[in-house]
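Coordinate inspection notes
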Amino acid sequence: MAQIDILKGLFDEKIIQIIDIFLDNPNRQFSLTQVSSVSNINIATTMRMLEKLVKQNIVELILIEKTKLYRLKKNEKTMALNKLLKSEEEPLLEFIDYIKKFPRVKKIILESKTDKEVKLLIVGNFLPIGKIKSIIREIREKHHFRINFVDLNENQFNDMERLGFYEVNRKIIWKRKE
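So, here's what we can say about the structure. (Residues numbered from 1 in each chain as written. Predicted model: local features only at pLDDT ≥ 70, side-chain atom pairs only at ≥ 80, totals over all residues. Heavy atoms only, no water.)

1. Examining the pattern of salt bridges
Side chains that carry opposite charge are capable of pairing whenever their charged atoms lie near each other. Tallied over the entire structure, the rule returns 4 salt bridges. Note that R71 and E60 form a salt bridge whose closest N and O atoms lie 3.1 Å from each other. Taken together, the residues span a long stretch of sequence, with R71 in strand β3 (residues 67-72) and E60 in strand β2 (residues 59-64) at a distance of 11 residues. Residue E60 is classed as buried on the basis of its relative accessible area, which comes to 17%. The salt bridge partner of E94 is K142, with a shortest N-O separation of 3.5 Å. (Salt bridge = Lys/Arg side-chain N within 4 Å of Asp/Glu carboxyl O. Helix = DSSP H or I, 4+ residues; strand = E, 2+ residues; numbered from the N terminus. Buried < 20%, exposed > 50% of the residue type's maximum accessible area, 1.4 Å probe, protein only.)

Dropping the structure here:
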């Protein structure tokens, strides 16, 4: 039995459908009516479920004047959901699982992602660059997926954040708990 079938048996199938829409389109913004239409779930139920997903930090609400848009929130929780609901292996998740074993790695920030490539900022002091490059080579050979990264020490990251180069905290996909 597939993982998705087990979850549908345990949880409300409608919320799984809505989560799946966002996981399939992680960078796309949806209006309430679009989510309702794609999922074939009535507007009132869709609205309740979206509110619940926003509270659970799975979906983010984007307000543009009076318009509400919803997008998948990129964080550890949604990556775990993706891993659970999507049966195919995710090279980025594999990379994060490997790299978080190094205690000097403090944060991983997603700069951009396509189906074939990801660009990351890896924050930490005295990172094991050789080992990181080795796992990147393995993932590229195994999944035909490129991982490009720039390493920053914690001071550089804090300076970037302080100077407001861009919203780095919004793009953090993994952070060591302190």
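2. What to know about the environment of K83
Within the secondary structure, K83 sits in helix α5 (residues 76-85). Judged by relative accessible area, K83 falls into the partly exposed class, the value being 45%. Along the backbone, K83 and L93 are 10 residues apart, and their C-alpha atoms lie at a distance of 7.7 Å.

3. Description of the packing of aromatic side chains
Considering all chains together, one arrives at 2 aromatic pairs under this definition. Taken together, a centroid distance of 5.3 Å and an interplanar angle of 80° make the contact between F22 and F30 edge-to-face. Of the two residues, F22 and F30, neither departs from the other in class, the shared state being buried. Taking 5.5 Å as the distance between ring centres and 80° as the angle between the ring planes, the aromatic pair formed by Y98 and F102 counts as edge-to-face. By relative accessible area, which is 27% here, Y98 ends up partly exposed. (Phe/Tyr/Trp six-rings, centres within 6.5 Å; stacked < 30°, edge-to-face > 60°.)

4. A short note on the sheet that holds strand β7 (residues 172-175)
Spatially, β6-β5-β4-β7 is the arrangement adopted by the 4 strands of the open sheet, whose pairing is mixed. Sheet topology places β6 (146-152) and β7 at the edges, where each strand pairs with a single neighbour. Along the sheet, successive strands turn relative to each other by an average axial angle of 20°, direction set aside. In this structure, strand β5 (residues 117-124) lies alongside β6, joined through 7 bridges in parallel fashion. (Pairing = 2+ DSSP bridges. Axes fitted to C-alpha atoms, helices over the stretch in contact; angles between N-to-C directions.)

5. Some thoughts on the sheet that holds β3
Here 3 strands make up an open sheet; going across it, the order is β1-β3-β2 and the pairing antiparallel. Two strands bound the open sheet, and with one partner strand each, they are β1 (30-31) and β2. Sheet topology places β2 next to β3; 6 bridges connect them, and they run antiparallel. Bridge pairing in β3 places I62 opposite L69. Sheet strands touched by helix α2 (residues 13-24): β1, β2 and β3. Its angle to β3, the strand with the most contacts, is close to 80°. (Contact = heavy atoms within 4.5 Å.)

6. Some words on unusual backbone geometry
For N40, which is not a glycine, the phi torsion comes out positive at approximately 65°. Mapping N40 onto the fold places it in the loop between α3 (32-39) and α4 (43-55). For N57, which is not glycine, the phi torsion reads 65° and is therefore positive. Note that N57 resides in the loop between α4 and β2. On the accessibility criterion, N57 (35% relative accessible area) is partly exposed.

7. Concerning the packing of α2 against α5
Where α2 meets α5, the closest approach of the two axes is 11 Å, and the angle between their N-to-C directions is 105°. If you check the angle between α2 and α5, you find them roughly perpendicular. Across the interface between the two elements, I16, I19 and L23 of α2 pack against T78, L81, N82 and L85 of α5. Of the residues that constitute the contact of α2 with α5, the class distribution is 5 nonpolar, 2 polar and no charged. (Parallel < 35°, antiparallel > 145°, perpendicular 65-115°, else oblique. Nonpolar A, V, L, I, M, F, W, Y, C, P; charged D, E, K, R; others polar.)

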